[in-house]
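# Tertiary structure, described
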Amino acid sequence: MAGLSVETGDATRRLRDAMAGGVLSFPLTSFQEDGALDLPAYRAYLTAQLAAGPGGVFAACGTGEFSGLAEDEYRAVVTATVEVADGRLPVVVGVGYGWAQAVRFARIAEEAGADALLVMPHYLVEATQDGLVEQLRRIAAGTRLPLIAYQRGPVTFTPEGLRRIADIPTVIGLKDGHSDLDRLQRLTLAAPDGFLFFNGAATAELQARAYATVGVPAYSSAVHAFAPEIADAFFAALRDGDEATMHRLLRGFYVPFVELRDRVPGYAVALVKAAARLRGLPVGPVRAPLMDPGPADLADLEKILDDGLSLVGAVRRRG
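Residues numbered from 1 in each chain as written. Predicted model: local features only at pLDDT ≥ 70, side-chain atom pairs only at ≥ 80, totals over all residues. Heavy atoms only, no water.

Another aspect to go through is unusual backbone geometry. Along the chain, Ala 288 connects to Pro 289 via a cis peptide bond; the corresponding omega equals 15 degrees. You can see Pro 289 is positioned in the loop between α11 (267-278) and α12 (295-311). Not every positive phi belongs to a glycine, and Asp 86 is a case in point at roughly 55 degrees. Among the structural elements, Asp 86 can be located in the loop between α3 (71-85) and β3 (91-95). (Helix = DSSP H or I, 4+ residues; strand = E, 2+ residues; numbered from the N terminus.)

In structure tokens, the structure reads:
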């Protein structure tokens, strides 16, 4: 982290402030019923998301179906996100696949005005620590934007690997999706001062207290994509040490939601999108290979959503 450029240092500071000030929003990408990108709907949806006051926005990432976007669609989504955000909060966008393709996406994001990049786990192949480090070095060489590494699936850093990626001048942080707290504690201790860490577990609130104990209080919230009232109430309770509110929300909403999410592969995104549609938000269906929930799961989701909203004094606006 030594010798950061002014631009990289500014992005790091903005993200650190964002992490402390509000939940991190990972918006959905809106599609029409035939699967086409629905950019006007996305703008309307994102405007509502940002009105809820998140600390930062991570667009075209996992919840935003990055892997389902063509390059021209990606450019449109990133451009729209930057325009709607209008400098009010940091905009981080996903890049991924092999390093050559990641650089293509990075340059699009750079041209569109994004503040930083989340490097999504690479596709399919296993890799050594040398390979993981080289992947980030090559992406960093192709863009001036700061990078946040994302360990999940085939990507797992050792403490030594973490130190090596932190030596890359534009790598500013790590998002963790493995939820191995012993390993994560070792990574936080290996990292230089100022290196950013994010809780990237699916439905991160369920593990937010545990992550905070190893020095990683910041987290991404898929729930914010459809119920910012619930996500913000939990964030405030975690910040304030309000164990009673956290327990009530975990027991009455988050645990039932996670149990439903775990029924079907892909529900980590498809269920979130279905919940957004239940609230009348213009997000449309998921793209294959993801599949939208069937009637029985939708009925269960509706009850869970209504229960969660009632816990924070909110109601579901029917679409």
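Having seen the model, we can carry on.
With that settled, the discussion passes to the nonpolar core. Among the nonpolar cores identified, the biggest contains 72 residues, and Phe 58, Tyr 74, Val 93, Leu 118 and Ile 165 are the most heavily contacted of them. Excluding residues that lie within four positions of it along the chain, Leu 118 makes contacts with Phe 26, Phe 58, Cys 61, Val 92, Val 93, Gly 94, Val 95, Ile 148, Ala 149, Tyr 150 and Lys 175. By size, the runner-up hydrophobic cluster in this structure holds 41 residues, among which are Val 223, Tyr 267, Leu 271 and Ala 274. (Core = buried A, V, L, I, M, F, W, Y, C linked by side-chain atoms within 4.5 Å. Buried < 20%, exposed > 50% of the residue type's maximum accessible area, 1.4 Å probe, protein only. Contact = heavy atoms within 4.5 Å.)

Side chains of Tyr 123, Leu 124 and Val 125 sit close together on the surface and give an oily, nonpolar patch of about 380 Å² of accessible area. With respect to the helices and strands, Leu 124 occurs in the loop between β4 (116-119) and α5 (129-141). (Patch = residues over 30% accessible without salt bridge, like charges linked within 9 Å, V, L, I, M, F, W, Y side chains within 5 Å. Areas by Shrake-Rupley, 256 points an atom, 1.4 Å probe, with all protein chains shown as cover. Salt bridge = Lys/Arg side-chain N within 4 Å of Asp/Glu carboxyl O.)

Now for the packing of aromatic side chains. Tallied over the full model, the rule gives 14 aromatic pairs. For the pair Tyr 97 and Phe 105, a centre-to-centre distance of 6.1 Å together with 40 degrees between the ring planes defines the contact as tilted. Under the relative-accessibility criterion, Phe 105 is labelled buried at 2%. A centroid spacing of 5.4 Å and a plane angle of 70 degrees characterise the contact between Phe 195 and Phe 197, whose relative ring orientation is edge-to-face. Accessibility assignment for this pair places Phe 195 and Phe 197 in one class, buried. Taken together through their ring pairs, the aromatic side chains of Phe 226, Phe 234, Phe 253, Tyr 254 and Phe 257 make up a single cluster. (Phe/Tyr/Trp six-rings, centres within 6.5 Å; stacked < 30°, edge-to-face > 60°.)

Mapped onto the fold, His 122 is located in the loop between β4 and α5. Judged by its relative accessible area of 12%, His 122 falls in the buried class. A polar atom in the side chain of His 122 sits 2.7 Å from the backbone oxygen of Val 125. Look past the residues within four positions of His 122 in its chain and what remains in contact with it is Tyr 97, Ala 127, Leu 132, Gln 135, Pro 154 and Val 155. (Polar contact = N/O pair within 3.5 Å; in protein donor to acceptor, adjacent residues only side chain to side chain.)

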